[in-house]
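These are the residues of each chain, in order.
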Amino acid sequence: MVICVAGLSAAVGAFMADAAEPIGPAEPKGPAGPAFAREVLPILAANCYSCHGFDAEGRQAGLRLDSAAGATAPADSGARAIVPGDPAASELVRRVTATDPAVVMPPPETGRTLSAAQQDVLARWVAAGGTYEDHWAFRQPAATPPPEVSGFDHPVDRFLAVGWRDHGLTPAPQAAPETLLRRASLDLVGLPPTPEEIDRFLADWAADPEAAWGAALDRLLASPHYGERQARTWLDMARYADSNGYSIDAPREIWPWRDWVVAAFNADMPFDRFTVEQLAGDLVPQATQDQRIATGFHRNTQINEEGGVDKEQYRIESVFDRVATTGVVWLGLTVGCAQCHDHKFDPVSQRDYYRLFAFFNNQAEPKLKVVAAGVDIVALTAERDAARKAVQRFVASRHADLAAWEAALDEQARKALPKDAAAALKVEAAKRSPDHERVLVAAGIGAGDQEFRALNERFVELDGRVNDGPTTLVLEELPEPRPTRILVQGDFTRPAADVTPGTPAVLPPIAETAARPTRLDLARWLVDPGNPLTARVLVNRVWQRHFGRGLVETDGDFGLMGTPPSHPELLDWLALETRRLGWSQKALLRLIMTSRAYRMASVETVALVAADPHNQWVARQRRLRLDAELVRDVALVASGRFVATLGGQPVYPPIPDGATAVGQVKRPWPTSTGPDRYRRGLYTFVFRASPPPALAVFDAPDGFSTCTRRNRSNTPLQALTLLNDAAFVELATALADVVRAEGVEGAFRRCTGRRPDADELQVLTALDAADAARVLLNLDETVTRE
């Protein structure tokens, strides 16, 4: 018998908290035995062997230890991994204490062994009943009120203060007001404050700091640029780019979805509705155009346009991506790991995976014509169709004249025809369409006919209004669902058992509104109060963006191999509070940013670093290098070149020559001129295969898969980019004009949000304007949120 701990569940995350001594109640223990999460699970997770055999249905062979049911179920031989209360009869104990290399667990080839003490822990656990516990993330958030801590009023601070007290930490003091305003501006709108905004804030701060801070937050949350900044993070998770990917990587048009996201954040669309419209907007009763556009979230998958590919294979690949992305973005679970077999650590079976897959297996993938706001497309289309019929009636009445005109054309006259008329003339008369006849009449007998010209021009105008404008990629439910089967080892050519749409068994069941649940049911289930994960995942990512580290550090893995929450009560309180606030993301941000914790200085003292090197207990703020797009946005604002226009087609700022030639196809880069040249980075066109180098060098994601947390590297290439990249050279030239007009002190303030000290001013004034500008754009402080 093979004992399989693939999918090992119950609380791998919880045991990892021991070293950090998390605040809050201990995990419950089994009767008179070792604590499962703290003592037993670490041994099993690190040492027990995972089998890799599969049966005919694609399921893993062997016994599973990820649940009490699996561990106590008999194998074909009749043996059980765990017989509660009887270590001698338990196959697990027999294996881990065996000396025979063919029997012992873990096998010798793994290079791991269990000590006598570890063997004893397992034996005592089984003897005490082998009690299993639910993993913390699969339990409902606990409604723990903020603790009463002297000297702290804000609920967030009260939770954190318990950790400060218990670990002997003195929290950092409040940052300088200039630093706070720049921090909030970069966090909320992704742009630095102007000197005028800083001066107004400092004046307000001198009169009433709390009122000034609240007013600054309200102003930033109401800014139209708020939606742009928040959208950038969501676009990362949606794997947004402006091309199809794979080797051909042709351009695509999906920017209307990007603009929908910006507008949704600016309108403070509640996160539950934000979820429903993106996952199932087309299924909402009487779906609007905007709700259909919202389904572009899952059209951000790649499209393979190479010759000879199996279209079904790559359709399946897109569905795989949609399942994995949904799992990570909303549930914080790596459900994609169950594509080929049961999850090796989390209680997510392969059957669970394909039940989720079934929700995303029933869609067509059309392009949607986007109609401008205020246009009644139904009435406009009807008017266009009526104009077309009027033209056709006129043409029908002049067929004999048209035939005579055509017969009289000589070779020279034929060559002089417009291209569309020349093409229509090549079509056999009996096979011509009404449009062929229309363009021939327009080129010939109708050219001087005022009645025809009036009819034709009206039709052309209306047809243009109906058809002009952008398209965007959307999802659309099929009238008849495709059958979904478990794919053996994830191979689309090896379908096995049928499955119907459903959700992982470890989570509360979905509320079915029909015999067969739809994507709309799934979307509503994700944000249902009974789902223990989504609200936690949301608030954890918001916390991560504003403190540099989530309360759960592994923000994309709340499963058993993820880290446990450093502050579980705070995480749960925030999750319940965001629901109470109606899923308002602006309200959540304001709640967090009014805390003392958010306003702390980011200076790392020797004592704080020694006591808490990774800032797990949040006794100081974090210095965070700006996201790639924001690095250039800051330079645009500082240099005075920033163009604030929202939305619209992607733009093409200067990039190095040949940067788009690294893929299979060299793509043109029509460098923008005029205002488009200076729009913020959110709107820069991005090819997946050959992104703008300045974005790549500052760790922008590639758009091939979901990205919930960007890397932050620190490399010489970044400094070289700021010094030599054509776009930054151009902005440095503009900043040099600022130096000449406002002095080096004014330019320094534009870049950093503060005034230079005497030493800094001495160094900068020794430089000419051009060199000073290049230095200022290359300052660590310029590209860092303090």
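Residues numbered from 1 in each chain as written. Predicted model: local features only at pLDDT ≥ 70, side-chain atom pairs only at ≥ 80, totals over all residues. Heavy atoms only, no water.

1. Topic: the side chain of Arg519
Right, on to step 1. With respect to the helices, strands and loops of the structure, Arg519 is situated in helix 22 (residues 519-526).
Right, on to step 2. On the basis of relative accessible area, Arg519 is assigned to the buried category, the value being 1%.
Right, on to step 3. At 2.7 Å, the side chain of Arg519 forms a polar contact with the side chain of Glu477.
Right, on to step 4. Every residue in contact with Arg519, bar those within four places of it in the chain, is listed here: Leu279, Ala280, Asp282, Leu283, Phe359, Phe360, Gln363, Leu475, Glu476 and Glu477. (Helix = DSSP H or I, 4+ residues; strand = E, 2+ residues; numbered from the N terminus. Buried < 20%, exposed > 50% of the residue type's maximum accessible area, 1.4 Å probe, protein only. Polar contact = N/O pair within 3.5 Å; in protein donor to acceptor, adjacent residues only side chain to side chain. Contact = heavy atoms within 4.5 Å.)

2. Overview of helix 5 (residues 116-127)
Right, on to step 1. With 12 residues, helix 5 should cover 16 Å at 1.5 Å per step; its first-to-last C-alpha distance of 16 Å lies within 8% of that length.
Right, on to step 2. Backbone geometry just downstream of helix 5 places Gly129 in the positive-phi region, at approximately 120 degrees. (Expected span 1.5 Å × (residues − 1).)

3. Focus on the packing of aromatic side chains
Right, on to step 1. Summed over all chains, the structure comprises 28 aromatic pairs.
Right, on to step 2. Judged by centre distance (6.3 Å) and plane angle (85 degrees), the rings of Phe547 and Tyr598 are edge-to-face. Placement of Phe547 in helix 23 (residues 534-547) and of Tyr598 in the loop between helix 25 (585-593) and helix 26 (606-611) is noted, with a sequence separation of 51 residues between them.
Right, on to step 3. Among the aromatic residues, those joined into a ring-pair cluster are Trp234, Tyr240, Trp257, Trp260, Phe265, Phe271, Phe274, Phe297, Trp330 and Trp583. (Phe/Tyr/Trp six-rings, centres within 6.5 Å; stacked < 30°, edge-to-face > 60°.)

4. Details of the pattern of salt bridges
Right, on to step 1. Tallied over the entire structure, the rule returns 55 salt bridges.
Right, on to step 2. The salt bridge involving Arg273 is made with Glu277; its shortest N-O contact spans 2.8 Å. Of the two residues, Arg273 and Glu277 both sit in helix 12 (residues 271-280), four residues apart, roughly one turn of that helix.
Right, on to step 3. For the salt bridge of Glu312 with Arg315, the shortest nitrogen-to-oxygen distance reads 2.9 Å. Here Glu312 pairs with Arg315, and both are found in helix 14 (residues 311-331), just three residues apart, close to one helical turn. (Salt bridge = Lys/Arg side-chain N within 4 Å of Asp/Glu carboxyl O.)

5. Digging into helix 21 (residues 450-467)
Side chains of residues three or four places apart in an α-helix project in the same direction, reflecting 3.6 residues per turn.
Right, on to step 1. With 18 residues, helix 21 ought to run about 26 Å at 1.5 Å a step, and its terminal C-alpha atoms sit 25 Å apart, in line with that.
Right, on to step 2. Within the sequence span of helix 21, burial applies to Phe452, Asn456, Phe459, Leu462, Gly464 and Val466.
Right, on to step 3. Elements that come into contact with the buried residues of helix 21 comprise strand 4 (367-369), helix 16 (377-397) and helix 20 (434-443).
Right, on to step 4. Sitting at the amino-terminal end of helix 21 is Asp449, which places a side-chain oxygen 3.0 Å from the backbone nitrogen of Glu451.
Right, on to step 5. Looking at the residues trailing helix 21, positive phi occurs at Gly469, about 105 degrees.

6. Regarding the nonpolar core
Right, on to step 1. One finds Trp234, Trp257, Trp543 and Leu574 to be the most contacted residues of the largest nonpolar core, which totals 120 residues.
Right, on to step 2. In contact with Trp257, other than residues within four places in its own chain, are Trp234, Leu235, Ala238, Tyr240, Gln278, Ile293, Ala294, Gly296, Phe297, Asn300 and Thr472.
Right, on to step 3. In this structure, Ala241, Val643, Phe748 and Leu776 belong to the second largest nonpolar core, which totals 36 residues. (Core = buried A, V, L, I, M, F, W, Y, C linked by side-chain atoms within 4.5 Å.)

7. Considering the side chain of Glu629
Right, on to step 1. Position of Glu629 among the secondary structure elements: in helix 27 (residues 628-639).
Right, on to step 2. Discounting chain neighbours no more than four positions away, the residues touching Glu629 are Arg232, Gly681, Leu682, Leu695, Ala700 and Arg710.

8. So, the packing of helix 6 (residues 155-166) against helix 24 (residues 568-580)
Between two packed helices, the angle of one axis relative to the other and the distance separating the axes together describe the packing.
Right, on to step 1. As a packed pair, helix 6 and helix 24 sit with axes 9 Å apart at the nearest point and diverge in direction by 165 degrees. Considering their axes alone, helix 6 and helix 24 lie roughly antiparallel with respect to each other. In this structure, helix 6 crosses over helix 24, and the sense of that crossing is right-handed. Residues Pro155, Val156, Phe159 and Leu160 of helix 6 pack against Glu569, Leu570, Trp573 and Leu574 of helix 24.
Right, on to step 2. Residue composition of the contact of helix 6 with helix 24, grouped by class: seven nonpolar, no polar and one charged. (Axes fitted to C-alpha atoms, helices over the stretch in contact; angles between N-to-C directions. Parallel < 35°, antiparallel > 145°, perpendicular 65-115°, else oblique. Left-handed = near helix turned anticlockwise from the far one by under 90°. Nonpolar A, V, L, I, M, F, W, Y, C, P; charged D, E, K, R; others polar.)

9. A short note on the environment of Trp260
Right, on to step 1. Mapped onto the elements of the fold, Trp260 is located in helix 11 (residues 255-266).
Right, on to step 2. A sequence separation of 213 residues divides Trp260 from Leu473, and the C-alpha atoms of the two residues are 13 Å apart.

10. Brief notes about the confidence of the model for the chain
Right, on to step 1. In the predicted model, the chain carries a mean pLDDT of 91, and 93% of its residues have values of at least 70.
Right, on to step 2. Across residues 1-31, where pLDDT falls below 50, the model places 129 contacts with residues more than four positions away in sequence or in other chains.
Right, on to step 3. In the model, residues 49-61 has pLDDT below 50 throughout and makes 39 contacts with residues more than four positions away in sequence or in other chains. (pLDDT = per-residue confidence, 0-100.)

11. Focus: unusual backbone geometry
Right, on to step 1. Residue Pro106 follows Met105 across a cis peptide bond; omega there is -5 degrees.
Right, on to step 2. Relative to the elements of secondary structure, Pro106 occurs in the loop between helix 4 (91-96) and helix 5.
Right, on to step 3. Of note, the phi angle at Trp583 is positive, near 65 degrees, even though the residue is not glycine.
Right, on to step 4. Among the secondary structure elements, Trp583 is positioned in the loop between helix 24 and helix 25.
Right, on to step 5. You can call Trp583 buried: its relative accessible area is 7%.
Right, on to step 6. With phi around 75 degrees, Asp699 is a residue other than glycine that occupies positive phi space.

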